[in-house]
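# Working through the structure, step by step
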There are 10 protein chains.
Amino acid sequence: MNKELMTARILEAKVMKGLTWEHLAEAVGMSPVWTTSACLGMNSMTEDKAFMLCEALGLDKDVAQALQVCPHKAWDNAVPQDPLVYRLYEVVGVYGDTLKALIHEKFGDGIMSAIDFTMTVDKEENPAGDRVVLTLNGKFLPYKAW
Amino acid sequence: MNKELMTARILEAKVMKGLTWEHLAEAVGMSPVWTTSACLGMNSMTEDKAFMLCEALGLDKDVAQALQVCPHKAWDNAVPQDPLVYRLYEVVGVYGDTLKALIHEKFGDGIMSAIDFTMTVDKEENPAGDRVVLTLNGKFLPYKAW
Amino acid sequence: MNKELMTARILEAKVMKGLTWEHLAEAVGMSPVWTTSACLGMNSMTEDKAFMLCEALGLDKDVAQALQVCPHKAWDNAVPQDPLVYRLYEVVGVYGDTLKALIHEKFGDGIMSAIDFTMTVDKEENPAGDRVVLTLNGKFLPYKAW
Amino acid sequence: MNKELMTARILEAKVMKGLTWEHLAEAVGMSPVWTTSACLGMNSMTEDKAFMLCEALGLDKDVAQALQVCPHKAWDNAVPQDPLVYRLYEVVGVYGDTLKALIHEKFGDGIMSAIDFTMTVDKEENPAGDRVVLTLNGKFLPYKAW
Amino acid sequence: MNKELMTARILEAKVMKGLTWEHLAEAVGMSPVWTTSACLGMNSMTEDKAFMLCEALGLDKDVAQALQVCPHKAWDNAVPQDPLVYRLYEVVGVYGDTLKALIHEKFGDGIMSAIDFTMTVDKEENPAGDRVVLTLNGKFLPYKAW
Amino acid sequence: MNKELMTARILEAKVMKGLTWEHLAEAVGMSPVWTTSACLGMNSMTEDKAFMLCEALGLDKDVAQALQVCPHKAWDNAVPQDPLVYRLYEVVGVYGDTLKALIHEKFGDGIMSAIDFTMTVDKEENPAGDRVVLTLNGKFLPYKAW
Amino acid sequence: MNKELMTARILEAKVMKGLTWEHLAEAVGMSPVWTTSACLGMNSMTEDKAFMLCEALGLDKDVAQALQVCPHKAWDNAVPQDPLVYRLYEVVGVYGDTLKALIHEKFGDGIMSAIDFTMTVDKEENPAGDRVVLTLNGKFLPYKAW
Amino acid sequence: MNKELMTARILEAKVMKGLTWEHLAEAVGMSPVWTTSACLGMNSMTEDKAFMLCEALGLDKDVAQALQVCPHKAWDNAVPQDPLVYRLYEVVGVYGDTLKALIHEKFGDGIMSAIDFTMTVDKEENPAGDRVVLTLNGKFLPYKAW
Amino acid sequence: MNKELMTARILEAKVMKGLTWEHLAEAVGMSPVWTTSACLGMNSMTEDKAFMLCEALGLDKDVAQALQVCPHKAWDNAVPQDPLVYRLYEVVGVYGDTLKALIHEKFGDGIMSAIDFTMTVDKEENPAGDRVVLTLNGKFLPYKAW
Amino acid sequence: MNKELMTARILEAKVMKGLTWEHLAEAVGMSPVWTTSACLGMNSMTEDKAFMLCEALGLDKDVAQALQVCPHKAWDNAVPQDPLVYRLYEVVGVYGDTLKALIHEKFGDGIMSAIDFTMTVDKEENPAGDRVVLTLNGKFLPYKAW
C-alpha cells in the first residue's frame, strides 16, 4: 500500500468515526502537527505508534505498515496556489532576509534545522477576530568549518 | 532615494555605530522583526518612527523619507537558495497541507493573514544545542460568502 | 466524493434540468459568483446551502457533503491560456502597479483582501456592443506594525 | 527620453509639488486609473493631454513627448510577488473559471476586452473597515465565426 | 461528452468517410480554418452548424452537443515543440516588435484582435517549391482612454 | 557598434527626419516588414542596402556596418507580455494544431519555412472598424526521408 | 491506433523477432536513423515503406496506417535528463555560437535546415576506446530578403 | 581580463585584420571549431597556442592570459532562440531517443562523450542548394558497473 | 515489463524476503550503490547479474530481462524536493564553483566523469551523532583540443 | 566591501603571488575546500582566519572584514550549465533515490546534513587515467517526532 492510498483510507475512517486530528494525536500520544503530517504521508511512524493509530481508526495492518515507510516528501507547485499555503510562502518571501539577519545576529552563521524541528498550531481568542499562532522550533545548526 | 540605497545606508551606519537590530528596535519602540524588515525595505514606517531610527543611526532626512514609502515587496527566486531561507520554504512545502488541515479543523474555512500579522524570533537555550523559536501570529480570516 | 466528481455531477444535472447559474444562486439565496465558485469547487458551502442546492438539482447527500469540504484551491497554469481568463491576467499585469499606487494613496500601506471579498458580474447594454462589468469589493487590510 | 526616465521625472515632480494622482487626473481631464497608468508608462497620451500633464507638474517637452510614445507593456514576474498585486492575481486564479462560466451564460462565447476597457478604484467607507471597490468595464467581444 | 472525446470521434469518422477538412467546411458552409478549429475543440458551433457537421460525418447528437459548448482553450507547452507550430512561434518572436512598430505607425496605439479575427491557409504553386500562405485578418482595437 | 546601439541611432534619426518605416523601405527598395526588422536588429542587410538606409537617415558608416552583421536573434520572454504581441502568440496557441492539420492535408508532411519567408502588414478599411491584415508566405519544406 | 501504441507494438515485435534497427532499415530500404525515428513516432512513412516494415515484423495493417500519420513531434523536458541525450544538448549549448559564427562565415546569413536534413550514426573503432561519429547534413537556407 | 572582454578584443582585431576563423585556426595549428570556441570563451588554450593567436591578431599578453583560463561554460536560454541554434536543439529533441536506441544497439549501455569530443563544419556543394555538414566525434564511454 | 513495474516487483519481493540492499549486492557480487541503482531502474545489469538477483528474490525471467534494458534515466523535478535529496543538490549549488576551482588546479581543464564513476555510502560512528560518508570517484576527463 | 569584490581581490592577489588554494588553506590552517569556499563567498571566516588569509595575500582590512560576513548563498541557474558542475547535478538526479534508499536502510528516517558537513577533493593516480575522489561527510540528522 502506498502513501496516497494510506492517506485516503485514514481520511475516510476519520470522517466515519467522527474523529478530529487532536483525537488522533491523543491516541498516539504525539502532537497534532506531527500526527497529521504522518497521516498525510509527510513523516514516518514507529511500529507502535502506527498500530495505535490504526486501532483508533479501525484500520488494518496494511495501513500500519505504510505509516512506517520513510516518505518521499514532495509538494505540487514550487509556488503554492492554495491561499492558506500561499500566505505562508509569502511570509518566507517577505521576511526571509529579516529572519536571516536576526538569526545570524543572535546565533552566528548557521541555520534553523527543519529536521530537528517541532511545530504547533494554536488558537488565540481575540474579540477583534481570533488569531492563528504558529510556533516553529528548530535546532540552530552552526556551519561547520573544517 | 530608493529602498536599496536606503538599506545600504542603514547597514553601513549600523556597523559603524556598532548597533544591533535589537538596539534599533528599542530606539523606535517596536519589535526587532518589524524594525529589521522596514530597514530591509519590506515595510514602511510612520514619519515619527522613521525619524527616531535615523536619529539613532545619525542618518539624514532622505533616509527617513525613504523609510516611509510603501514598498514594492519582491524576492529573488521563486524557490529560495540560501540554506537558512530554504529551510523555511521546505517547512511550508512539507507541512503546508498539515497546517491547512489543522487550521480548517480549528477555525473553519479561511486563512491566516500575512498582513494583520506579527512575528518574533527567540533563542531557546538548550544543552543539546540552542534552538531558534519563530512565532507567527496572524488573524484568522474566514472566507466571506455573499 | 471529491470536488472534481462533485462538479461533474452538478454540471450534468444543471444541463438536464435546464437551469442557469442565476437559478442556482436564487435557490440557495446567494450571489451567482459565489454560488458558481462553490459548484466549481473553489468555495465551501454551509450544510443548509449545500442541501438547498442539491434539492434544486435533484442530487443526493454525497454531493451535499462534498460541497461542504474546505477546498484545496488551485489552477492549471501560472499564466492562464484561455483567452477570457488571460485578459483578466493581462489587466493585473498592465494595471497592477497603477492600482497599487492609487490604493496606497487613498488607503495607506496595505492590501485589498481576496478573502473578505465579493464580486459581481453584470451586463451593461450598449448600442456599440454590450459591456461586461466586473465589480470587485475587498476589505482594505492595513499592514500591521508591531 | 525613455518611459522609465519619464516615470521617474513625473514621480519626482509629483512629490515636490505635493500633488496626488487625482490632481493629475483632473489636470488632464481624465480618470485617475488611466492617468496614473500613462504616467507609469502603461498607456500613451495624446499630445494635448501630455502637455497639460507636464504643465501641471512643471516638466518640459521631453517628458511630454515620451508620454505620447506607444508603450511596450511588460511586467516583472509571471506570478507577481507584491502582496497587493498578488491578491489580484489570486482572484483571477480562484475565480477565473467562475467568471468564464457566467460570462458565457450571459453573453455567449467570447471575452471581455482588456483594450476597449475602463477601470475605477473607489473607497467604500465601512465601520467594520473600509473597502476597496474595483470596477472593470470591458466590451464583450464575441468570437467571430467565418 | 467532453471536447477530447468529441474530437476523437470526428477524426475517426472523417478517416472512415474519406473526407477532407475542406469537405467538412463546405458541409457547414464555413471556412476550413474555422471548421477545423471547432472540430479540434478550439471554437464553438451554433446548433445548426453542429448538426450539419454531424450529418456529414454520420455522428449522433452527443457530438453535436459537444460542438456547441464554449471551449476552454489551452495548449500543451508555453513554447511549442512540433516543428510546424514552432516556426509560427519563431515568427512571432523574431517579427513581434516589427509588427508592433508598423501597426502603431499605420493605425495608432492599439492591437489586432485575436477574437474578431479570421484566417485562411492557401497554397501558392511555385516551380521553386510551393508556398504556404497564411492570411490573418483581425479588427484593429484602439486602446480606450477614459 | 552593436545592434542595440545601431537601432537606437536609427530610431533617433527617423524621428528627427520625420520619416516613416514606409519611407525607409522605399529608400532601400525593399518591403516595410523586412526593412523594419533589419533596423530593429532582426535581419542583416547587404552593403548597398545598408548604405542607402544610412544615406536616407544621415547616419555614418558605423551604422551601415552594424546593419550588415548577421544578428543573434532573441526575444525577451518565452511568453510575450505586450498585448499586441501576445495576441499573435495566442493565435499560434489556439490555431497551431488547426494549421498543422490543414497544411498536412494540402501539402503533406512538412513545415512552412520561417527562413524562406516573407510577410506584409496591410490596412483594410472597414466602416465597422479598420482591420489589420497580416500575410505570411513561407516555402513549404517537406520532411526529407533518407 | 496512436503513435505510442504503434511504437510499443513495433518494439515488442522487434525483440521477439530478434531484429536490429539496421535489419529494419534494410527491410524498408532506408537509413537506420530515419527508420528508427519513424518507428519511434518522429517521422511518417509512405504507404509502401510502412507495409514493408510491418511485413518484416509480422504486424498488421493498423500499425502500417499509424506509421503513415504525420506525427506531432514533442519531447519530455525542455532540458533533457538522460545522460546520453543531455550530452548532445550540452554540445548545442557549448558550441552553438561557434557553429553560428562558422556557418555565417562559410555560407552567409541563414541556417542549417532540420527538415531537409539527414543524419548517420557510425562506430569508429579505436584502440583507445571506440568513438561515436554523428554526421548531420542539412541544406543551408539563406534568410530571404523581400 | 575576463573572457567577455577577451572575446570582444579578438572579434575587433579579427575584423580590423580582415582574418577569418580559418585563418586563425591555421595560425594556431588547430581546427576551426576548436579555435573559434576558445576565442568565444568556451575552451582554454595552452600558453603557446594563446601566444600564437595573439601574435596573429596583434593582441597583447592580457588576451593571451585570458585565453588560458579554464572557462565557466554557460549559455543564455535553456531553450535557445536564435533560429540557427534552435534548429540544432530541435534535432536533439526530435532525434534524441533515436540516437539513444542506435548507440545502445551498436555500443552497449553508455554515452558519447562531450569532453573527449571533436567537431567539424563542412560545406557540401550541391546544385539544389549547398549543404552544411556537421561531424560530431565523441568517445563512447560505457557506464561503469562496480 | 517496463522499469517501473520491475522496480515495484523487486521492492515487494525484497520486503517479503526480508532482505536488505546489502544482501542483494552480495547476491550479485557488486556494490550496494550500483545494485540499488539498477533495481531502481537507473543502471542496466548484464544477463548473469540479472539472473543472480532474480534468484535471490525469487523473481522470474521477465524481471531479469527488464534489468538488462538500457534505462532512460530521468528524475522528477529539476530542483529536488525531498529533504534528503535536496541537501545533495544544495551541496552542488554551494560548493560547485569551489570544486571547479580545486579540480582545475589539481588536474587542469576538464571534468569528473559521471559515467566512469563509482560511489559508496558509509556510516561513520561518532558519539556526537553518526555521520554519513559518501565517496564519489570519477575518472578525470581532460577537454580534448583538436 | 561586498563578497563579489572581496572574491575578485583575492583571486587577483592569488595570481600575482602565484599561490594555490592549497597554499592558502595551509596559511589559515584549514582544509582546501572550506578555505576556497570562503574565498568564493560561500562561507564566513572567524576574525583570526580572515586576517591570516589577508596576510598571506597582502590584502588589507576591508577584505578581512568581508570574509567574516555571513554570506547570502546563491547560485546562477537552478540546473547548472558548466559541464563540471552539471556532472555533479546529474549524479544527484541519477543516484538521489538510491542514496535515499541506502541511507534510510543504514540510519533510519532522516537526512545527511549539508551544514554539519565537510568535504575533500583528492587525486587518485591511475595508469588508465587519474581519478577525482570527492568525499562528503555529513552528520546524520534523524527526523524529530514530537
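If you're wondering where the values come from, they're calculated on a predicted model, not measured in any experiment.

The UniProt feature table records "active site" (unreviewed entry) at A:Arg87, A:Glu90 and A:Ser113. Along the chain, A:Glu90 falls in helix 6 (residues 83–107). In this structure, A:Glu90 is in contact with B:Trp75, B:Ala114, B:Ile115, D:Pro83 and D:Arg87, ignoring residues within four places of it in sequence. Among the residues examined, A:Ser113 registers a relative accessible area of 1% and is labelled buried. When sequence neighbours within four positions are dropped, the list of residues in contact with A:Ser113 reads A:Gly138, A:Lys139, A:Leu141 and J:Leu141. Among the polar contacts listed, one links the side chain of A:Ser113 to the backbone nitrogen of A:Ile115, at a separation of 3.0 Å.

Attention now moves to the interface of chain C and chain F. Of the residues lining the interface, 6 residues belong to chain C; the matching set on chain F comes to 6 residues. For the pair chain C and chain F, the two sides together bury roughly 560 Å², of which 42% comes from carbon and sulfur. Of all residues in chain C, C:Tyr86, C:Arg87 and C:Glu90 bury the most surface against chain F, accounting for 64% of the area lost on that side. Where chain C packs against chain F, one counts 2 salt bridges.

With that out of the way, let us pick up the sheet that holds strand 2 (residues 131–142) of chain J. Spatially, 4 strands are ordered 1(I)-2(I)-2(J)-1(J) in an open sheet, and the strand pairing comes out antiparallel. In the strand order of this sheet, the two ends are held by strand 1 (110–124) of chain I together with strand 1 (110–124) of chain J, each with one partner. Within this sheet the neighbouring strands show an average axis-to-axis angle of 20 degrees, counted without direction. By the bridge criterion, 11 bridges tie strand 1 of chain I to strand 2 (residues 131–142) of chain I in an arrangement that is antiparallel. Bridging from a neighbouring strand, I:Val121 pairs with I:Leu134 of strand 2 of chain I.

With that settled, consider the packing of helix 1 (residues 3–17) of chain A against helix 4 (residues 47–57) of chain A. Residue and element names in this part refer to chain A. Axis separation between helix 1 and helix 4 bottoms out at 9 Å; the angle between their running directions is 45 degrees. Judged on the interaxial angle alone, helix 4 and helix 1 are oblique. Facing Ile10, Ala13, Lys14 and Lys17 of helix 1, the residues of helix 4 in contact are Leu53, Ala56 and Leu57.

The next subject is the relation of the copies chain C and chain F. Placing chain C over chain F gives an RMSD of 0.0 Å and needs a rotation angle of 180 degrees, together with 0.0 Å of translation along the axis. Read as a symmetry element, the transformation amounts to a two-fold axis. In terms of proximity to the rotation axis, the leading residue of chain C is C:Val79, whose C-alpha is 4.5 Å off the axis. A shared interface surface links the copies, since 100% of the contact residues of chain C are contact residues in chain F too.

A separate point is the domain arrangement of chain A. Each assigned domain of chain A is listed with its residue range as follows: domain 1 (3–68) and domain 2 (83–142). Measuring from the centre of the C-alpha atoms in domain 1 of chain A to the corresponding centre in domain 2 of chain A gives 26 Å.

We now examine the relation of the copies chain A and chain B. At an RMSD of 0.0 Å, chain A and chain B line up after a rotation of 180 degrees and a shift of 0.0 Å along the axis. In this assembly, 100% of the residues forming the interface of chain A have copies in chain B that are likewise at the interface, indicating an isologous arrangement.

Next up on the list: helix 2 (residues 21–28) of chain I. Helical geometry: 3.6 residues make up each α-helical turn, so side chains three or four residues apart lie on a common side. Three or more residues of helix 2 of chain I are buried, namely I:Trp21, I:Leu24, I:Ala25 and I:Val28. All buried residues of helix 2 of chain I project into a common sector of 100 degrees when viewed along the axis, lining one side. Buried residues along helix 2 of chain I sit against helix 1 (3–17), helix 3 (32–39) and helix 4 (47–57) of chain I together with helix 6 (83–107) of chain J.

The rules we used
- Residues numbered from 1 in each chain as written.
- Chains lettered and ligands numbered in written order.
- Predicted model: local features only at pLDDT ≥ 70, side-chain atom pairs only at ≥ 80, totals over all residues.
- Heavy atoms only, no water.
- UniProt positions renumbered as here; feature names shortened; annotations may be inferred.
- Helix = DSSP H or I, 4+ residues; strand = E, 2+ residues; numbered from the N terminus.
- Contact = heavy atoms within 4.5 Å.
- Buried < 20%, exposed > 50% of the residue type's maximum accessible area, 1.4 Å probe, protein only.
- Polar contact = N/O pair within 3.5 Å; in protein donor to acceptor, adjacent residues only side chain to side chain.
- Buried area = accessible area lost by both parts, 1.4 Å probe.
- Salt bridge = Lys/Arg side-chain N within 4 Å of Asp/Glu carboxyl O.
- Pairing = 2+ DSSP bridges.
- Axes fitted to C-alpha atoms, helices over the stretch in contact; angles between N-to-C directions.
- Parallel < 35°, antiparallel > 145°, perpendicular 65-115°, else oblique.
- Least-squares fit on C-alpha atoms with pLDDT ≥ 70 in both.
- Domains from an automatic or database assignment.
- Arc of directions from axis to C-beta.

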